[in-house]
Amino acid sequence: QVRLVESGGGLVQPGGSLRLSCAASGIIFSAYTMRWYRQAPGKERELVAAITSDGITVNADSVKGRFTISRSNARNTVYLQMSSLKPEDTAVYYCNALSALPGEYWGQGTQVTVSS
């Protein structure tokens, strides 16, 4: 069975930093593009960042220069380092695994709240 488990969410002040982790099991992790999405209440789920099997990364315009996605194939884990956090970053952050076969899986999400 496939499982993606996010962790690292919480409450931070504006300007603060947070690192999210997503541990994957049940897949050949190195073969998957890994992505982070987020969804704020009443809003559509949006792509935040992605990293391919080759380590190529992309970021949404809204987080460029502030968020960094990375992965450890040895640990079957993808990370999202978030800095200079803003209240508008408040959302549930979801881990997504995308295969070229094709195939796609989702984690349960972790809450990030940016507030004073």
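Look up a bit, the structure's there.
Notes on the structure follow. The structure presented is a predicted model; accordingly, all values stated were derived computationally and were not measured.

### As for the pattern of salt bridges
Inspection of the entire model under this criterion finds five salt bridges. Between Arg 38 and Glu 46 there is a salt bridge whose closest N-O contact spans 2.7 Å. Using a relative accessible area of 6% as the deciding quantity, one classes Arg 38 as buried. Among the ionic pairs, Asp 89 bridges to Arg 38, the shortest N-O distance being 2.9 Å. With Asp 89 in the loop between β8 (77-82) and β9 (91-99) and Arg 38 in strand β4 (residues 33-39), this pair connects stretches of sequence that are 51 residues apart. Salt bridges sharing common partners tie together Arg 38, Glu 46, Arg 66 and Asp 89.

### Observations regarding the environment of Tyr 79
Along the chain, the position of Tyr 79 falls in strand β8. Overall, the relative accessible area of 11% leaves Tyr 79 in the buried class. For Tyr 79, the contacting residues outside a window of four places in its chain are Arg 19, Leu 20, Ser 21, Trp 36, Thr 68, Ile 69, Ser 70, Arg 71 and Ser 72.

### Focus on the sheet that holds β8
With antiparallel pairing, four strands are arranged side by side in an open sheet as β1-β3-β8-β7. In this open sheet, the two edge strands, each paired with only one partner strand, are β1 (3-7) and β7 (67-72). Averaged over all pairs of adjacent strands, the angle between their axes in this sheet comes to 15 degrees, without regard to strand direction. Where strand β3 (residues 18-25) lies against β8, six bridges are found, and the strand directions are antiparallel. Bridging from a neighbouring strand, Cys 22 pairs with Val 78 of β8.

How each quantity is defined
Residues numbered from 1 in each chain as written. Predicted model: local features only at pLDDT ≥ 70, side-chain atom pairs only at ≥ 80, totals over all residues. Heavy atoms only, no water. Salt bridge = Lys/Arg side-chain N within 4 Å of Asp/Glu carboxyl O. Buried < 20%, exposed > 50% of the residue type's maximum accessible area, 1.4 Å probe, protein only. Helix = DSSP H or I, 4+ residues; strand = E, 2+ residues; numbered from the N terminus. Contact = heavy atoms within 4.5 Å. Pairing = 2+ DSSP bridges. Axes fitted to C-alpha atoms, helices over the stretch in contact; angles between N-to-C directions.

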